[in-house]
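Single-letter residue listing:
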Amino acid sequence: MSVFNQSRSRVIRLIFLITFVVIIAQLFYLQVVSGKFSQLADDNAILRKTIYPPRGLVLDRNKQAILNNTLTYDLMVTPSQAKGIDTTFFCRLMEIDTAEFHKRIINAILRNKSFRPSVFEASLPPQKYARIQENLWRFQNGFYIQERPIRSYPFDAAANIVGYIGEVDSNYLKKNVDGGYQSGDYAGMTGLEASYEKALMGERGIQVLIKDNFNRIQGSYENGGMDKEAVAGNNLYTSLDIELQKFGEKLMTNKVGSIVAIDPKTGGIIAMVSSPTYDPGELTGTERRKNFSKLYTDPRLPLLNRAVNASYSPGSTFKTLQALVGLHEGVITTNTTFSCSGAFYGCGSSNAMKCLDPGTYFLKTGITHSCNTYFANVMQRVINNPKFPSQDSSLRSWDNFMYAFGLGHRLGVDVPTEQKGNIPTPEDFNKIYGAGRWGFCTYRSVSIGQGEVSVTPLQVANEMAYIANKGWYFIPHIVDSIDGGDKFGLLDKYKKKIVPIELSDSIFEAVHDGMQGVMESGTGRGSKVPGITICGKTGTVENYFRGVKQPNHSFFCAFAPRENPTIAIMCVVENSGRFGGTYAAPIVSLMIEKYINDTIDTKRIALAERMEKISLIPPLMLQKLRTKDSLQKVKEVEKELRIELKNMQDTLHSEDNVTEAEIKAGNTKEKKLPKENPDTKRDKKDLILPGDQRKQTLNKKDTVRR
Amino acid sequence: MNQRNPAISKGIDWSLAGIYVLLVGIGLTAIFAATYKEGDSVIQSFLKFRTDYSKQFYFFIIGTVIGFFILLTDSKFFSATANLGYVLGIFLLLMVFPFHSRIKGTESIIKLGSFNFQPAEFCKIFVALALAKYLSRQETDFSKSRSQLIAAGITLLPAVLAILQSETGLALVYFSFFIVMYREGLPSVILLVGFAIAALIVATIVIAPNSLAIILTIIAACIIYMLRRQIKRRHRILTSIIFLWLLCVGVQRFAVPYIFKNILQKHQVERIYDLFGKDNPYLKKGESETVEETKKKLESGSSYNVRQSKIAIGSGGIFGKGMLKATQTRYDFVPEQRTDFIFCTVGEGFGFTGSMVLLGLYLILLFRIVTVAERQRSTFSRCYAYGVAAVFFFHISN
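Rules used in this analysis
- Residues numbered from 1 in each chain as written.
- Chains lettered and ligands numbered in written order.
- Predicted model: local features only at pLDDT ≥ 70, side-chain atom pairs only at ≥ 80, totals over all residues.
- Helix = DSSP H or I, 4+ residues; strand = E, 2+ residues; numbered from the N terminus.
- Buried ≥ 20, exposed ≤ 12 C-beta atoms within 10 Å, placed from the backbone.
- Contact = placed C-beta atoms within 7 Å.
- Pairing = 2+ DSSP bridges.
- Core = buried A, V, L, I, M, F, W, Y, C linked by C-beta atoms within 7 Å.
- Expected span 1.5 Å × (residues − 1).
- Axes fitted to C-alpha atoms, helices over the stretch in contact; angles between N-to-C directions.
- Parallel < 35°, antiparallel > 145°, perpendicular 65-115°, else oblique.
- Left-handed = near helix turned anticlockwise from the far one by under 90°.
- Nonpolar A, V, L, I, M, F, W, Y, C, P; charged D, E, K, R; others polar.
- pLDDT = per-residue confidence, 0-100.

Description of the overall build of chain B
Stage number 1. Regarding its fold elements, chain B presents 19 helices and two strands.
Stage number 2. Considering chain B as a whole, with its 398 residues, one finds that 29% of them fall into the buried category.
Stage number 3. Within chain B, contacts between residues separated by at least 24 positions form 64% of all contacts whose residues are at least 6 apart in sequence.

Re the pairing of strand β20 (residues 535-545) of chain A
Residues and elements named next belong to chain A.
Stage number 1. With respect to burial, β20 is a largely interior element, 10 of its 11 residues being buried.
Stage number 2. As paired strands, β20 and strand β21 (residues 548-560) are joined by 10 bridges and run antiparallel to one another. Directly across from T540, in β21, lies its bridge partner S554.
Stage number 3. Turn length for the β20-β21 hairpin, with the two strands adjacent in sequence and antiparallel, is two residues, and the turn residue R546 shows positive phi of about 50 degrees.

Side note on the nonpolar core
Stage number 1. With 130 residues, the main nonpolar core has A:V260, A:A261, A:A461, A:M464, A:A558, A:I569 and A:M591 as its most contacted residues.
Stage number 2. If near-sequence neighbours (up to four positions away) are discounted, A:A261 is found in contact with A:L244, A:I270, A:A271, A:A461, A:I567, A:I569, A:M591 and A:Y595.
Stage number 3. Core analysis: the next-biggest nonpolar cluster, separate from the first, contains 47 residues, B:Y134, B:Y174, B:V180 and B:M181 among them.

Details of helix α19 (residues 505-520) of chain A
Residue and element names in this part refer to chain A.
Stage number 1. Over its 16 residues, α19 extends 22 Å from the first C-alpha to the last, a length consistent with the 22 Å expected when each residue adds 1.5 Å.
Stage number 2. Here α19 has its buried residues at F508, A510, V511, H512, G514, M515, Q516, G517, V518 and M519.
Stage number 3. For α19, the secondary structure elements touched by its buried residues are α13 (319-329), α14 (363-368), α18 (457-468) and β20.

Some details on the packing of helix α10 (residues 242-251) of chain A against helix α20 (residues 584-597) of chain A
The relative placement of two packed helices comes down to the angle between their axes together with the axis-to-axis distance.
All names here are of chain A.
Stage number 1. Between α10 and α20, the least distance of the axes is 10 Å, while the angle of their chain directions is 160 degrees. One finds that α10 runs roughly antiparallel with respect to α20. Crossing geometry of α10 relative to α20 is assigned as right-handed. Two secondary-structure elements touch here, α10 through L244, F247, G248 and L251 and α20 through I587, L590, M591, K594 and Y595.
Stage number 2. Here the residues of the contact of α10 with α20 are counted per class, giving seven nonpolar, one polar and one charged.

Regarding the confidence of the model for chain A
Residues and elements named next belong to chain A.
Stage number 1. Residues at a pLDDT of 70 or more form 85% of chain A, whose mean pLDDT is 80.
Stage number 2. The least confident element of chain A is helix α24 (residues 684-688), whose mean pLDDT is 40; the most confident is strand β11 (residues 257-262), at 94.
Stage number 3. For residues 653-706, every residue scores under 50 in pLDDT, and the model assigns this stretch 78 contacts once sequence neighbours within four places are set aside.

Observations concerning the sheet that holds strand β12 (residues 269-275) of chain A
Residue and element names in this part refer to chain A.
Stage number 1. Across the sheet, five strands lie side by side as β12-β11-β22-β21-β20; this open sheet has antiparallel pairing. Every other strand in the sheet has two partners, leaving β12 and β20 as the edge strands with one partner each. With strand direction ignored, the average angle separating the axes of adjacent strands in the sheet is 10 degrees.

Observations concerning the pairing of β21(A)
Residue and element names in this part refer to chain A.
Stage number 1. Across seven bridges, the pairing between β21 and strand β22 (residues 567-573) is antiparallel. Note on β22: the bridge partner recorded for A558 is I569.
Stage number 2. In sequence, β21 turns back onto β22 through a hairpin of six residues, with N564 there showing a positive phi of about 55 degrees.

Describing the environment of A:T523
Residues and elements named next belong to chain A.
Stage number 1. Along the chain, the position of T523 falls in the loop between α19 and β20.
Stage number 2. The class of T523 is buried, set by 29 C-beta atoms lying within 10 Å.
Stage number 3. In the structure, T523 is positioned 16 residues away from G539 in sequence and 9.2 Å away in space, judged by C-alpha atoms.

What to know about α18(A)
Residue and element names in this part refer to chain A.
Stage number 1. Spanning 12 residues, α18 covers 16 Å between terminal C-alpha atoms, matching the ideal 16 Å at 1.5 Å per step.
Stage number 2. By the criterion of burial, α18 is predominantly enclosed, with 12 of the 12 residues buried.
Stage number 3. When we look at burial in α18, the residues that qualify are P457, L458, Q459, V460, A461, N462, E463, M464, A465, Y466, I467 and A468.
Stage number 4. Immediately downstream of α18, the backbone of K470 shows phi near 60 degrees, a positive value.

Let's talk about the packing of α20(A) against helix α21 (residues 602-613) of chain A
All names here are of chain A.
Stage number 1. The contact between α20 and α21 brings their axes to 10 Å, and the two run at 125 degrees. Here α20 is positioned oblique relative to α21, judged by the angle of their axes. Handedness of the crossing formed by α20 with α21: left-handed. Between α20 and α21, the contacting residues are P586, I587, L590 and E593 on the first element and R604, L607, A608 and M611 on the second.
Stage number 2. Its residues assigned to classes, the contact of α20 with α21 shows six nonpolar, no polar and two charged.

Description of unusual backbone geometry
Residue and element names in this part refer to chain A.
Stage number 1. Along the chain, S275 connects to P276 via a cis peptide bond; the corresponding omega equals 0 degrees.
Stage number 2. Along the chain, P276 falls in the loop between β12 and α11 (288-297).
Stage number 3. The omega torsion of the bond from A560 to P561 falls at -15 degrees, within 30 degrees of zero and hence cis.
Stage number 4. Here P561 is to be found in the loop between β21 and β22.
Stage number 5. Positive phi values are uncommon outside glycine, yet A158 reaches one of about 60 degrees.
Stage number 6. Note on placement: A158 falls in the loop between β5 (143-152) and α6 (159-162).

Quick notes on the environment of A:K495
Residues and elements named next belong to chain A.
Stage number 1. By the element assignment, K495 lies in the loop between β18 (479-482) and β19 (497-498).
Stage number 2. Of the residues examined, K495 has 12 C-beta atoms within 10 Å and is grouped as exposed.
Stage number 3. Counting along the chain gives 20 residues from K495 to I475, while the straight-line C-alpha distance between them is 8.2 Å.

Focus: the environment of B:R253
Residues and elements named next belong to chain B.
Stage number 1. Here R253 is to be found in helix α13 (residues 235-263).
Stage number 2. Separated by 44 residues in sequence, R253 and P209 have C-alpha atoms that sit 6.5 Å apart.
Stage number 3. When sequence neighbours within four positions are dropped, the list of residues in contact with R253 reads P209 and A213.

See below:
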């Protein structure tokens, strides 16, 4: 038997062998062939923790930080270790009741399990922080305080310039694949935060950590050999004068519009006010979401940087440029006179462009008194110059002058969302009227800065710098230099002096004469600043919203002093009514005075206060604000009614239907209110773009402005 | 054991002992790697019997001492006490029912102070001895089916008890004793049929019911085609093939689902499916898992164990991550890794190469035991040796 069975030992060995081969084959597949497991293992055990460096600061020209980093403190709890503390005492410190305490602990456990820390209270207010910090030892292990860096704005100003940071979304990630962002990161969304993101963000560090099966950190991987240190973001040195910026924002209180002030010698922006503005601190911290939606839905559009992202017809401020072109082309001299008997009849007597002060004007007095007829004649001569073979070529030549003056294209300022503005081209007119079916008289209102032409406040300020410098400018910019060098070449374009065309100094002198006259005896004479020679130009811009004429925009642009200018500035007050000299000019004069003299003369303080107090919110926006408020009210009323209805239904089952019908009837009455204003949610372009109004003014009787 | 050299030292198969010591060494290293945390004082914990590896070391020493005593004892002693031992083993297994303490889902452990005692594990030795004793009896004629049935009963009784203690894994160990019986003359047909049934059940679990039915049909058709000449002569072959086919499909389509659904407990079915890395399809509609439940199961359930151990072994690569550098096993991703899943430590730390070495050692051990067994003169010794080999084999291949 034993002998017979001996062969079976071989069978058994064979079975053993086969089994082992199967196991080894499986192992071979797991360990050698299939590579996914080591990746899975890494995902399991290795945590690549990003170390966020502090973002760079933004400093003004006096090296004061206008954008800073501070720490906020979160109280963290590890529920499993928070047992056995003096809950009553703790609750007294935190100003909560025990029910709330237990609710938060349970929430923490639900969110993060009991052995991992979660936020108990975010962003502790300073007093609470101090109280807790003092007594923290009583709650050791269970509670600790975690610092979290946030952005702070020591001056609460320049919100639209510095911008804000926000959590990156999927679109941002798609656009910035090489940026090394991951969801949950913060990045600059607007303003300098966005345009200098590369410099501000610094270099992220990586800490490679090992975690266990509960995601608890066990230590660093390979003793930190694979870690990378974070490098702090670079500081930005700007040309902003934060005091002037604040002053400008104060002057623009309750007005819609903007101020842009440029140092003509460097192109550095000294102040850029967009009004209404907001407290930049609102967009940090825990209330961010709520505040953002509040700002976003505000009809006055506080999040819009009007200095670059709004464009208007330039109005009479445009006349200075026409004088430059006319003199350069030789169609006029400083002694050329045109008379205005009440209107410009160069295009026939019907629909004649009126002027306010009939009389005879030289170039200087034409600028000083902002004579429409004078500049209509100048442009007519430029366009109808016999040296041009056609209307197309003459307009194109004029366009090139405008482009040279920095209009009709983006200047390239270092805050995002800059607009181009518009300079009408022959192609535009061909499209509208058909080739050869238009001429100067079709667009004659362009000569006085109305109609098809539109500019941004920044472009006007830059144009002032150009005139002040007598023929050159630097691209306006806010950041002068970057701490640690401009590694990404962000500032290169701001270092090049731009001399677009050669105009002789005498031409500029003539225009300067006219602009000085504006302040001494012309439309801006009310805004003289004792001791400073200002050259300025007013503008009163007619505008329309959906064909309905709105109150005029008040424009003023200037540079000062005339000799060796240090500031080129412009101000627009949207839909203020009245004239450029009424609101914008005083504001500009105050800004100039503050910048050059550092203080406001005691005699002019009253003016500053008057300007600050006056409220000039455009009527359309006021209406919308009211609608929004009443909508809010309607919603509240509806909510109350609904609660009431529910209560009624709870108690009065028998009268269910009747009650409901009644409430509904009541409801509809309330709802009618918003329906009367169908354009509650208009998009922002309607508000500020002259797109509509351009067509409106085209065939309209051109009226007077000064 | 080698009868020609009565001296004890020469009776030892040194290569076997060497392999044994080597394997214990690897085991110790693996446990050490799995449980060691930075900063532990190795010597202190070794002396204080606190850590798993020090425990294992002391067990090794105790084992060696016991081994010495066994060497000194006459083999007839074991033969004489085998039945007594078996009775004791069964008794201990029965004692579990009133005295067990529930640890980690099994009900098979008796707690004696700080010492956990699992009779089902101990019983293997007694069963091996008792089986050897029964087979070596003069009056046993193993070619008779009656004795075969008795032998099967001896092995399967503790298996049934183990199942009742929800220790399915341990129960399966006892099936390995069929290898011993096979060596002693159990007809090959039984082994073949056993394998076939096992293969069919595994196939049922792994392959989708319909495709398996199709596969079975194709196999049947092929066999009929190949045997068409014989079938022409004897129609009985055709009938039996069709009968077998029907049986297989029946088992696959109805019997297995019926057992899984109605006879076995839900967690048992789940465990069986986890063994193959699949989800249990026999959940009733009402209790079909929600997404969260599935996720929870992934995180904590038994399929998590299998998944994590696969990840651990798989991430070892060819040469492994090196001692104490294995992330998965060191940071407790693999549960119970110091015991049931200890192989993961080797797989991750030393990679395919290390695993090969370990498996190679075990294979040599098995072959060596078989060789030694064949050298034995007494059937009892041979059977016992085969029993040991079988148990080892089962544990390894599991």
